[in-house]
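# Observations on chain architecture
So the chains spell out like this:
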Amino acid sequence: MPSIIQFARLADAELARAAQRRDDAERDYAAAFAEAERWGVPQDLALVVFSYGSSLIADRELDRASEVVGRVARWAEQDYDCALLQARLYEALHQTDAWRAALARVRALAGERSVPNADGSGPVTGNG
């Protein structure tokens, strides 16, 4: 079952990241990402990309984050998490116009959810 392997790798990556073992986290994220890409299940890929992309953005690995987040960009029009991740990336890249457009998508998709800041805390202030 593809999901079991990729989710085990994803869990390992998140645990390594929490323990500040960056090399282990990167290896496990890359493995989970490759596995998700291999099987091509959109929901599974989006889940891996959200975690991996968020980690890369937090670590300011923006070139790699752009590659990873780009794999789910086509779903940002309909999927809240993909739109939120895209907005965070654009903000980190200081692409103000793209960030504003992405933020508008996030707000449109949010429903009753509050929209967090780029760092994941509190509501977005609207200042890019």
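All values reported here derive from a predicted model rather than from experimental measurement.

In this section: the packing of helix α4 (residues 62-70) against helix α5 (residues 80-92). Helix-helix packing is characterised by the crossing angle of the two axes and by the distance between the axes. It is at 11 Å that the axes of α4 and α5 come closest, and there the two elements cross at 155 degrees. Put simply, α4 runs roughly antiparallel to α5. Here α4 runs over α5; the crossing is left-handed. Residues Leu62, Ala65, Ser66 and Val69 of α4 pack against Leu85, Gln86, Leu89 and Ala92 of α5. Partitioned by chemical class, the residues of the contact of α4 with α5 number six nonpolar, two polar and no charged.

This part takes up the environment of Trp99. Turning to its location among the elements, Trp99 is positioned in helix α6 (residues 96-110). Residues Trp99 and Leu89 lie 10 residues apart in sequence; the distance between their C-alpha atoms is 8.0 Å.

The next thing to look at is the confidence of the model for the protein chain. With 89% of its residues at a pLDDT of 70 or more, the protein chain shows a mean pLDDT of 90. Taken element by element, the protein chain is modelled with least confidence in helix α1 (residues 2-18), mean pLDDT 92, and with most confidence in α4, mean pLDDT 98. Segment residues 123-128: pLDDT under 50, and 18 contacts once partners within four positions in sequence are set aside and those in other chains are kept.

Approximately 160 Å³ is the volume attributed to the second largest pocket. What lines the second largest pocket is simply Pro42, Gln43, Ala46, Leu47, Phe50, Trp75, Asp79, Asp81 and Cys82. Secondary-structure elements contributing two or more residues to the lining of the second largest pocket are α3 (42-58) and α5. In the lining of the second largest pocket, the residues fall into six nonpolar, one polar and two charged.

End to end, α5 covers 18 Å across 13 residues, agreeing with the expected 18 Å (1.5 Å per residue, within 8%). In terms of burial, α5 is a largely internal element, 10 of the 13 residues being buried. By the burial criterion, the buried members of α5 are Tyr80, Cys82, Ala83, Leu84, Leu85, Gln86, Ala87, Arg88, Leu89 and Ala92. Structurally, α5 contributes buried residues whose contacts are with α3, α4 and α6. Two or three places before Asp81, at the start of α5, stands the capping residue Asp79, its side-chain oxygen 3.1 Å from that residue's backbone nitrogen. One or two steps after α5, the chain reaches His94, where phi turns positive at roughly 60 degrees.

Scoring rules and cut-offs
Residues numbered from 1 in each chain as written. Predicted model: local features only at pLDDT ≥ 70, side-chain atom pairs only at ≥ 80, totals over all residues. Heavy atoms only, no water. Axes fitted to C-alpha atoms, helices over the stretch in contact; angles between N-to-C directions. Helix = DSSP H or I, 4+ residues; strand = E, 2+ residues; numbered from the N terminus. Parallel < 35°, antiparallel > 145°, perpendicular 65-115°, else oblique. Left-handed = near helix turned anticlockwise from the far one by under 90°. Contact = heavy atoms within 4.5 Å. Nonpolar A, V, L, I, M, F, W, Y, C, P; charged D, E, K, R; others polar. pLDDT = per-residue confidence, 0-100. 1 Å grid on protein atoms, 1.4 Å probe; cavity = no way out; pocket = protein on both sides within 12 Å on 5 of 7 lines; lining within 4 Å. Points joined across faces, edges and corners; volume = space filled by probe spheres on them. Expected span 1.5 Å × (residues − 1). Buried < 20%, exposed > 50% of the residue type's maximum accessible area, 1.4 Å probe, protein only. Polar contact = N/O pair within 3.5 Å; in protein donor to acceptor, adjacent residues only side chain to side chain.

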